[in-house]
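Given next are the chains, with one letter for each unit.
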2 protein chains.
Amino acid sequence: MIKPEYRERLLAHIGRYVQLPAEEAEYFVSLVSHRSTTAREILLRQCDIANESYFVLEGCIRAYTLDNKADEHVMHLATNDWWITDMYSLITRKPGNYTIECLEASEVLVMPREKQWDIYDKYPRMERYFRVLMENAYVSTLQRIHDNLSLSAEERYLNFERKFPGLVHRIPNKHIASYIGVTPEFFSKMKKRMLKNS
Amino acid sequence: MIKPEYRERLLAHIGRYVQLPAEEAEYFVSLVSHRSTTAREILLRQCDIANESYFVLEGCIRAYTLDNKADEHVMHLATNDWWITDMYSLITRKPGNYTIECLEASEVLVMPREKQWDIYDKYPRMERYFRVLMENAYVSTLQRIHDNLSLSAEERYLNFERKFPGLVHRIPNKHIASYIGVTPEFFSKMKKRMLKNS
């Protein structure tokens, strides 16, 4: 059994997307387990197969990939009330592209993949919850690709601040630079310029 | 009523993902209409709101976006049995990022957005069809981002040939170059080099 406050957090998140009878909501909550992580803890390594999704209660988690020069690229960041996993691997059952690492000591709820897939048959309304989450994740990825093409790095940084309020003060600049698609050197110059002009 | 052969094509596609009772399948088919397009015909313009999805029966359709220098980027290509739309705009109801243009005279089935959303309530099994399509689209986009970071342009071109068999002979090189993320000049040199080495 997870703590009542964690249960409420997850139920509130589900309630944003779908109205569930109490029985279904309780069933859903019964499938997740709680996990406390340390900073720098790795939840999944690139090339392993993803078997879990993580709902972040507290803390910050990143998913990053290594390119063909072994440089890191931050693909996703998750803070409070976000789900994170290697969706490619979770769905295809192929070795994943991401390493999932806690940037801070974090509290997460863990949903095992096989239980998630069982829910779809048992409670079709939960399929809607995951369809909408999937739509949101897809749309957000499409928008990020578009932003990388059409917005300046400064505009992308301002978007980042809106999307992740306060996070710029919690995690190293290099991860933010990577997420918005610039080098740490460029990022540092850009921030100095923005401060001077503000 | 759409032609029986178009009906069969759409039903076969649905059948790959979900088993439907005849009544539900018929209802789904009753929602789409058929449209013949000319080459170069525009189905949606960037900054308009997407109200339809297109299932390609014959032909080839691209979704492209303009960056902040007004250069074109081919974001999606759809050939036989693929759905295409501006998913960002369709879901968020905000002005879209894509222009959707037929590269060849095409035959498509058109699904109006409001009817698609109605189906979710009427027939939950159809929600599964769209959830799985959404998962596939999302996963394919994540994989493409990863390929752009981790594969050479040659490898990406070979992936393109596998993903879209024969399409390289049907559409201009500049669109393929754009899809795999290289300039037309680089693409032309690369193909010459690949031919010489083969």
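Scroll up for the structure.
Residues numbered from 1 in each chain as written. Chains lettered and ligands numbered in written order. Predicted model: local features only at pLDDT ≥ 70, side-chain atom pairs only at ≥ 80, totals over all residues. Heavy atoms only, no water.

Enquirer: Describe the packing of aromatic side chains, listing the residues and the values that go with them.
Expert: Residue and element names in this part refer to chain A. On inspection of all chains with the given rule, the structure shows 29 aromatic pairs over all chains. Ring plane angle 85° and centroid distance 5.7 Å describe the contact between Phe-164 and Tyr-179, whose orientation is recorded as edge-to-face. On the criterion of sequence distance, the pair formed by Phe-164 in the loop between helix 6 (153-163) and helix 7 (173-180) and Tyr-179 in helix 7 is long-range, its members being 15 residues apart. Of the two residues examined, Phe-164 and Tyr-179, each falls in the buried class. Grouping aromatic residues by their ring pairs yields a cluster made of Tyr-17, Phe-28, Phe-55, Trp-83, Trp-117, Tyr-120, Tyr-129 and Phe-130. Positioned above the aromatic ring of Tyr-27, the side-chain terminus of Lys-122 is 4.9 Å from the ring centre. Looking at Arg-144, its charged tip hangs above the ring of Tyr-179, at a distance of 3.6 Å from the centre. (Phe/Tyr/Trp six-rings, centres within 6.5 Å; stacked < 30°, edge-to-face > 60°. Helix = DSSP H or I, 4+ residues; strand = E, 2+ residues; numbered from the N terminus. Buried < 20%, exposed > 50% of the residue type's maximum accessible area, 1.4 Å probe, protein only. Lys NZ or Arg CZ within 6 Å of the ring centre and 35° of its normal.)

Enquirer: Account for the nonpolar core, naming residues and giving values.
Expert: Core analysis: the biggest nonpolar cluster contains 46 residues, and Ile61(A), Met87(A), Ile100(A), Ile61(B), Met87(B) and Ile100(B) have the highest contact counts within it. Apart from residues no more than four positions distant in its own chain, Met87(A) is found in contact with Met134(A), Tyr138(B), Val139(B) and Leu142(B). (Core = buried A, V, L, I, M, F, W, Y, C linked by side-chain atoms within 4.5 Å. Contact = heavy atoms within 4.5 Å.)

Enquirer: How would you summarise the packing of helix 4 (residues 113-122) of chain B against helix 5 (residues 124-150) of chain B if you had to cite specific residues and measurements?
Expert: Residues and elements named next belong to chain B. Running from N to C, helix 4 and helix 5 cross one another at 125°; their axes reach a closest spacing of 5 Å. Put simply, helix 4 runs oblique to helix 5. In terms of crossing hand, the pair formed by helix 4 and helix 5 is left-handed. In contact with Gln-116, Ile-119, Tyr-120, Asp-121 and Lys-122 of helix 4, helix 5 contributes Pro-124, Met-126, Glu-127 and Phe-130. Residue classes in the contact of helix 4 with helix 5 are distributed as five nonpolar, one polar and three charged. (Axes fitted to C-alpha atoms, helices over the stretch in contact; angles between N-to-C directions. Parallel < 35°, antiparallel > 145°, perpendicular 65-115°, else oblique. Left-handed = near helix turned anticlockwise from the far one by under 90°. Nonpolar A, V, L, I, M, F, W, Y, C, P; charged D, E, K, R; others polar.)

Enquirer: I'd like a description of the relation of the copies chain A and chain B, backed by residues and values.
Expert: Rotating chain A by 180° and translating it 0.0 Å along the rotation axis places it on chain B, where the RMSD comes to 0.0 Å. A rotation of that kind, with that shift, is consistent with a two-fold axis. In this assembly, 100% of the residues forming the interface of chain A have copies in chain B that are likewise at the interface, indicating an isologous arrangement. (Least-squares fit on C-alpha atoms with pLDDT ≥ 70 in both.)

Enquirer: Tell me about helix 1 (residues 4-15) of chain A, and please be specific about residues and values.
Expert: Residue and element names in this part refer to chain A. Over its 12 residues, helix 1 extends 16 Å from the first C-alpha to the last, a length consistent with the 16 Å expected when each residue adds 1.5 Å. Every buried residue of helix 1 is listed here: Tyr-6, Arg-7, Leu-10, Leu-11, His-13 and Ile-14. The buried side chains of helix 1 occupy one side of the element, clustering within an arc of 155° when seen end-on. Summarising the contacts, the buried residues of helix 1 are in contact with helix 2 (22-31), strand 1 (33-36), strand 3 (52-58), strand 6 (83-84), strand 8 (107-112) and helix 5 (124-150). (Expected span 1.5 Å × (residues − 1). Arc of directions from axis to C-beta.)

Enquirer: Could you give an account of the pairing of strand 4 (residues 61-66) of chain A, naming the residues involved and the relevant values?
Expert: Residue and element names in this part refer to chain A. Along strand 4, five of the six residues are buried, which leaves the element largely enclosed by surrounding structure. Pairing between strand 4 and strand 5 (residues 72-78): six bridges, direction antiparallel. Each bridged residue has a counterpart across the sheet, and for Thr-65 the counterpart in strand 5 is His-73. The turn joining strand 4 and strand 5, which pair antiparallel and follow one another in sequence, is formed by five residues; a positive phi near 65° is taken by Ala-70. Relative to strand 7 (residues 99-102), strand 4 runs antiparallel, the two being bridged by four bridges. What sits directly across from Arg-62, in strand 7, is Glu-101. (Pairing = 2+ DSSP bridges.)

Enquirer: Just give me the short version of helix 7 (residues 173-180) of chain B, but keep the residues and values in it.
Expert: Extensive coverage of helix 7 of chain B is indicated by the burial of six of its eight residues. Within two residues after helix 7 of chain B, Gly181(B) carries a phi angle of roughly 85°, on the positive side.

Enquirer: Please give an account of the side chain of Ser53(B) that cites residues and values.
Expert: Here Ser53(B) lies in strand 3 (residues 52-58). Discounting residues that sit within four places of it in the chain, Ser53(B) has contacts with Trp83(B), Ile84(B), Thr85(B), Leu90(B), Leu109(B), Val110(B), Met111(B) and Gln116(B).

Enquirer: Any chance you could break down the packing of helix 2 of chain A against helix 4 (residues 113-122) of chain A for me, citing the residues and the numbers?
Expert: All names here are of chain A. Where helix 2 meets helix 4, the closest approach of the two axes is 10 Å, and the angle between their N-to-C directions is 165°. Compared by their axis directions, helix 2 and helix 4 come out roughly antiparallel. In the crossing of helix 2 with helix 4, the sense of the turn from one axis to the other is right-handed. Two secondary-structure elements touch here, helix 2 through Tyr-27, Phe-28 and Leu-31 and helix 4 through Lys-115, Ile-119 and Lys-122.

Enquirer: An account of the environment of Asp71(A) is needed here, citing residue identities and associated values.
Expert: Here Asp71(A) is to be found in the loop between strand 4 and strand 5. Excluding residues within four positions of it along the chain, Asp71(A) makes contact with Thr65(A) and Leu66(A).

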